[in-house]
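# Working through the structure, step by step
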Amino acid sequence: MLAPMPNQDAAKEEAGRQAATYVEDDMRVGLGTGSTVRWTITALGEMGLDIVCTATSVQTEVLAGSLGLHIVGPDELGALDIAIDGADEVDPQLNLTKGAGGAHTREKLVAEMAARFIVVVDESKLVPQLGPFGTPLEVLTFAPAVVANRVLALGAHEVVPRPGLSDNDNLLVDARFGPIADPAVLAAQLAAIPGIVEHGLFLADTVERVVIAGTDGVREIVRADLGP
Ligand code: A5P
């Protein structure tokens, strides 16, 4: 677990609110899950824009609805102009680990529906290599031990089950691989295991920018091939 930074809550609010400035009237907006993007959702509620949103979890749907945002299912929108979400780890290429909140399956679907995917974090989430957090996996309840053995065979030294079920009524586990040398390779290997509904590795090619709040204020990193 990464060490919390001083004033981490204030940093989350700052990053979350800055990301909301990318949203404009008439946009179709994907809303992520977690304590940082909660501030984006709060800001959107305050801004009173004419937008339609889709939510990545029941928790976010309830929050956004309570703030007066118009929420519909992804199928009603088909595509999104923008999605904004948090992350658990961000590497220098902008690959992400997501899923601490168990919402990564819906989060990945919504991120990939969006023309622009913006990530909001405090700087404690920046890591030189993905892995220390663990890799969240959503797994069918049908044969979790079979899946765990396949994940161990890929090099995980531990597969830790979480209590409860996801919003999709599946199991959640955390696979511990240690530092991940090549997230794209591991992502492909995990995607090929039957019974894994979705893994929490989000590759950089889906990410436009990361909004990062730290002790010196907010900064943004845009994916290298998109320019400053
Ligand atoms: C939810 O499943 C995760 O992917 C979150 O987006 C992630 O855990 C970020 O949450 P915080 O902003 O609370 O750290």
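Let me sum up the structure you'll find in this document. Numbering of residues starts from 1 in every chain and runs along the sequence as written. Given that the model is predicted, a residue must reach a pLDDT of at least 70 before its local features are reported, and side-chain atom pairs must reach 80 or more before they are shown or counted; all residues, however, enter totals for whole chains, interfaces and linings. Side-chain calculation: all heavy atoms of the structure are included, whereas hydrogens and water are not.

## Notes on the pairing of strand E9 (residues 171–176)
Should DSSP find at least two bridges between two strands, the strands are taken to pair. Each helix is a run of DSSP H or I of at least 4 residues and each strand a run of E of at least 2, with the numbering of both proceeding from the N terminus. Pairing analysis gives five bridges linking strand E7 (residues 135–139) to E9, with the strands arranged antiparallel. Bridging from a neighbouring strand, Thr135 pairs with Ala175 of E9. Taken together, the four bridges between strand E8 (residues 158–161) and E9 define a ladder with antiparallel strand orientation. The residue bridging Pro161 from the neighbouring strand is Val173, located in E9.

## Quick look at the packing of aromatic side chains
Two numbers describe a pair of aromatic rings. These are the distance of the centres and the angle of the planes. Two rings from Phe, Tyr or Trp (for Trp, the six-membered ring) form a pair when their centres sit within 6.5 Å of each other. Planes less than 30 degrees apart are called stacked, planes more than 60 degrees apart edge-to-face, and all others tilted. Counted according to the given criterion, the structure contains zero aromatic pairs. Cation placement over rings: the criterion is NZ of Lys or CZ of Arg within 6 Å of the ring centroid and within 35° of the ring normal. The ring of Trp39 has Arg38 sitting right over it, with the charged end atom 4.7 Å from the ring centre. One residue, Lys98, lies across the ring of Phe202, its end atom 5.5 Å from the ring centre.

## Brief notes about the sheet that holds strand E4 (residues 89–90)
Spatially, the three strands line up as an open sheet ordered E4-E5-E11, and their pairing is antiparallel. Whereas interior strands pair on both sides, the edge strands pair on one side only; in this sheet they are E4 and strand E11 (201–202). Examined bridge by bridge, strand E5 (residues 96–97) and E11 share two bridges and lie antiparallel to one another. Along E11, the bridge assignment pairs Thr97 with Leu201.

## Topic: the side chain of Asp91
By the secondary structure assignment, Asp91 is in the loop between E4 and E5. Relative accessibility thresholds used throughout: buried, under 20% of the residue-type maximum; exposed, over 50%; partly exposed, between the two (1.4 Å probe, protein chains only). His is not counted, nor are the chain ends, whereas Lys and Arg count as positive and Asp and Glu as negative. Salt bridge, as used here, is a side-chain nitrogen of Lys or Arg placed within 4 Å of a carboxyl oxygen of Asp or Glu. Buried charge Asp91 goes without a salt bridge, the closest partner of opposite sign being Arg223 at 11 Å. Throughout, a residue-residue contact means that at least one pair of heavy atoms, one from each residue, lies within 4.5 Å. Asp91 has contacts with Val127, Pro128, Leu130 and Pro183, leaving out every residue within four places of it along the chain.

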